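# Tertiary structure, described
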Amino acid sequence: MKQPELIGIAWELSDGREKEQRCYGTFRDDLPDPAFRFNILFVKHEGAFKVHSHEYSELVIVLGGRGIHLTDYEDYQLEEGDVFIISGNTRHGFKDSQGLKLCNIQYDPRQFLRGQRELDRMMGYHALFDLEPRSTQPDHFNERLHLSTDELVYVTSLITTLKREFDGRSDGRETIIKSTFLLLVTNLSRLYACHKKDQGTPLVRMANVISHIQRHFREPLRIGQLAKLAHLSTSQFQRTFKRTYNTTPQRFIRQVRMHEACEMLKDPNRDITNIAYETGFSSSSFFATQFKLHVGESPSQYRRRKLTALDQRRDQGRFGIPTTA
């Protein structure tokens, strides 16, 4: 097997000691458990750490020291209390680090954040965990979250719990990690919205649009209405949305509705016609047509397939056969 390419070495702070921590940037080498792609490190940087990228996402909380964060677009001064997210395959690095202490939470967002409906309704979540990491606009890093001393104390208590549970092997470890991580993400998203609510920046406005869609997808949503939320003309809004999300606003809305319909169809007690109306479609026939175009099968076929798979997993568990996700 080919030897993995080493990105660099950081110094992990553990039990008051420093130990070498190698970084490869791949799921296989840094997050080796495919069923639980998560890692948390307290690290210290001195000097430079070369520009690199990794397959997973990374939530970074600056706990002390100073340094310059390098990206392909701009370089930014870091200080205690800064919070930012590095999306998978985004290039970044550090230079001029002086006692720069970081909490790095490495995770697969598909496992830990996908399908969290309450997060999807939060403006701060879309701004902090989606839009800001992907932005290529000048000065976008100035929109990062900066925690006050009291806020950092609370966040530090959460990441300390995460680190203790991750390093331990107690029963229920993964459940506590997942729930504490979601608590951390929700708290940071709420703080971002609180800090930025009066700032009418393009990033905040677009995050407001996405959270509005997530909260009101059951209702008729007009593009002109969404453009007003973004403080853009209709044509400007459509161009900006397509550039940001690589799809049109209309298709995005339909994707949100289809995702919710898929979740509802997993409940055998829900009537398919009612699901159509509850997810914003004007008729059950139109819903069925759109569902087949989007998913590749009818709503009833999708339901049967999902319920059959669920029954099989239950049977496997009943007879002591390991279940798969």
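Keep in mind it's a predicted model, so treat the numbers as computed, not measured.

## Here we look at the overall build of the protein chain
The helix and strand tally for the protein chain stands at 13 helices and eight strands. Expected size for 325 residues packed as a compact globule is a radius of gyration near 20 Å; at 22 Å, the protein chain falls within 12% of this value. Dimensions of the protein chain, computed from C-alpha atoms along their principal axes, come out at roughly 65 × 60 × 40 Å. Expressed as a percentage of its 325 residues, the buried residues of the protein chain come to 44%.

## Focus: empty space enclosed by the protein
With the rule as written, the count across this model stands at two cavities of 30 Å³ or more. The volume enclosed by the largest cavity comes to roughly 180 Å³. Around the largest cavity, the lining comprises 19 residues; the ones closest to its centre are Cys23, Phe49, Glu58, Asn104 and Gln106. Elements represented by at least two residues in the lining of the largest cavity include exactly β1 (8-14), β2 (17-23), β3 (38-52) and β7 (92-107). Among the elements that line the lining of the largest cavity, the one with the most residues is β3, at six residues.

## Quick word on the confidence of the model for the protein chain
On average, residues of the protein chain score 91 in pLDDT, and 94% of them reach the 70 mark or higher. No element of the protein chain has a lower mean pLDDT than helix α13 (residues 299-318), at 82, and none a higher one than helix α5 (residues 149-167), at 97.

## Considerations on the pattern of salt bridges
Evaluation of the coordinates by the stated rule reveals 17 salt bridges. Here arginine 91 and aspartate 72 are joined by a salt bridge, their closest N and O atoms 3.2 Å apart. Taken together, the positions of arginine 91 in the loop between β6 (82-86) and β7 and aspartate 72 in the loop between β4 (57-71) and β5 (75-78) put the pair 19 residues apart, joining distant regions of the chain. By relative accessible area, arginine 91 is classed as partly exposed at 40%. A relative accessible area of 47% means that aspartate 72 is categorised as partly exposed. Of the charged contacts in the structure, one is a salt bridge between aspartate 130 and arginine 134, with a shortest N-O distance of 2.8 Å. Of this pair, aspartate 130 and arginine 134 both sit in helix α4 (residues 123-134), four residues apart, roughly one helical turn. Arginine 134 gets classed as partly exposed once you look at its relative accessible area, which sits at 36%.

The rules behind the values
- Residues numbered from 1 in each chain as written.
- Predicted model: local features only at pLDDT ≥ 70, side-chain atom pairs only at ≥ 80, totals over all residues.
- Heavy atoms only, no water.
- Helix = DSSP H or I, 4+ residues; strand = E, 2+ residues; numbered from the N terminus.
- Rg over C-alpha atoms; globule rule 2.2 N^0.38 Å.
- Buried < 20%, exposed > 50% of the residue type's maximum accessible area, 1.4 Å probe, protein only.
- 1 Å grid on protein atoms, 1.4 Å probe; cavity = no way out; pocket = protein on both sides within 12 Å on 5 of 7 lines; lining within 4 Å.
- Points joined across faces, edges and corners; volume = space filled by probe spheres on them.
- pLDDT = per-residue confidence, 0-100.
- Salt bridge = Lys/Arg side-chain N within 4 Å of Asp/Glu carboxyl O.

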